[in-house]
Amino acid sequence: MRYLLGLEICSFGVVGLSYGIWVVPSRNGPDYGECLVDLPLEADYSRGCSRTPPPGFSAAVVAAAEEFGGDPRLLATTVYVESGCDPKALGSQGDVGLTQIVPRFWAKELHEHGISNLWSPEQNLRAGAYVLAVAASTTASTWDSVRRYNGSGKRASQYAERHHKLYMDIWGEPYPDWSPN
């Protein structure tokens, strides 16, 4: 048993995630309780990394995604595709870090959000979450957002296909709003 705020939590694993059920002690004794709600406790967002991620990677993914209203699984999958979780990755177009952000396109907007060091894993994850959020605000689906994250045209569509396949392989389900053509 684990305890949170004085309440017992039963935990079990599902597709690499840990979920918890709040158990409220009952009058029948300490071994009995009433399960109230199922909620995520921990998630390992490094499971798709091809390289060793930086320390605190999973927590930083969650924090960055939540800051910009995104899905941590989508952000983590973007990192897997972009850099394999290598915070020192440098792309041929000047793409930087975990999420391979191109500074010449995003520096001004990112600076307005307090993101100035794309070599910092935490700031780079925040940058990637921000760019995904911008893409989501201009498109109708997660697939389109991922495509826009990469650009436009045939290569961006191929990127989105590769991203979605990896998302399904890692998380065991399609994008939340996925509907095949």
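Located above this text is the structure these notes cover.
Below or above, wherever it landed, is the structure these notes cover. (Residues numbered from 1 in each chain as written. Predicted model: local features only at pLDDT ≥ 70, side-chain atom pairs only at ≥ 80, totals over all residues. Heavy atoms only, no water.)

### Thoughts on the nonpolar core
Counting 37 residues, the largest nonpolar core has Phe57, Leu75, Tyr80, Ile101, Leu110 and Leu125 as the members making the most contacts within it. Only helix H1 (57–67), helix H2 (72–83), helix H3 (103–112), helix H4 (121–137), helix H5 (142–150) and helix H6 (153–171) provide two or more residues apiece to this core. Discounting chain neighbours no more than four positions away, the residues touching Phe57 are Tyr45, Ser46, Cys49, Val79, Cys85, Leu98 and Leu125. (Core = buried A, V, L, I, M, F, W, Y, C linked by side-chain atoms within 4.5 Å. Buried < 20%, exposed > 50% of the residue type's maximum accessible area, 1.4 Å probe, protein only. Helix = DSSP H or I, 4+ residues; strand = E, 2+ residues; numbered from the N terminus. Contact = heavy atoms within 4.5 Å.)

### A look at the packing of aromatic side chains
For the structure shown, the criterion picks out four aromatic pairs. Considering the side-chain rings of Phe68 and Tyr130, the 5.5 Å spacing of their centres and the 70° angle between planes classify their relative orientation as edge-to-face. Taken as a pair, Phe68 in the loop between H1 and H2 and Tyr130 in helix H4 lie far apart in primary sequence, 62 residues in all. The burial state of Phe68 is the same as that of Tyr130; both residues are buried. Of the aromatic side chains, those joined through ring pairs into one cluster are Phe68, Trp106 and Tyr130. (Phe/Tyr/Trp six-rings, centres within 6.5 Å; stacked < 30°, edge-to-face > 60°.)

### Here we look at unusual backbone geometry
Here Cys85, not a glycine, exhibits a phi torsion of approximately 85°, which is positive. Look at Gln100: it is not a glycine, yet its phi comes out positive at around 50°. Judged by its relative accessible area of 10%, Gln100 is buried.

### Side note on H5
Helical geometry note: an α-helix holds 3.6 residues per turn, so side chains three or four residues apart project in the same direction. Taken residue by residue, H5 has Thr142, Trp143, Ser145, Val146, Arg147 and Tyr149 as its buried positions. Considering only its buried residues, H5 is in contact with H2, H4 and H6. Looking one or two places after H5, you find Gly151, whose phi comes out positive at around 135°.

### Looking at the state of the cysteines
Scanning the model with the defined rule gives one disulfide in all. Here Cys49 pairs with Cys85 through a disulfide, and the sulfurs are 1.9 Å apart. Taking the torsion about the S-S bond as the criterion, the Cys49 to Cys85 disulfide, at about -70°, is left-handed. With Cys49 in the loop between strand E4 (29–43) and H1 and Cys85 in the loop between H2 and H3, the pair connects residues that are 36 residues apart, well separated along the chain. Here Cys49 matches Cys85 in class, with each residue buried. (Disulfide = S-S within 2.5 Å.)

### Examining the environment of Ala59
Structurally, Ala59 can be placed in helix H1. Residue classification places Ala59 among the exposed residues on the basis of a relative accessible area of 54%. A sequence separation of 63 residues divides Ala59 from Glu122, and the C-alpha atoms of the two residues are 9.5 Å apart.

### A closer look at the pattern of salt bridges
Within the structure shown, the criterion is met by six salt bridges. Here Asp71 and Arg73 are joined by a salt bridge, their closest N and O atoms 3.7 Å apart. According to the relative accessible area criterion, Arg73 is buried, its value standing at 15%. In this structure, the salt-bridge partner of Glu173 is Arg73, at a minimum N-O distance of 2.7 Å. Residue Glu173 is found in the segment after H6, and its partner Arg73 is found in helix H2; the two are separated by 100 residues along the sequence. (Salt bridge = Lys/Arg side-chain N within 4 Å of Asp/Glu carboxyl O.)

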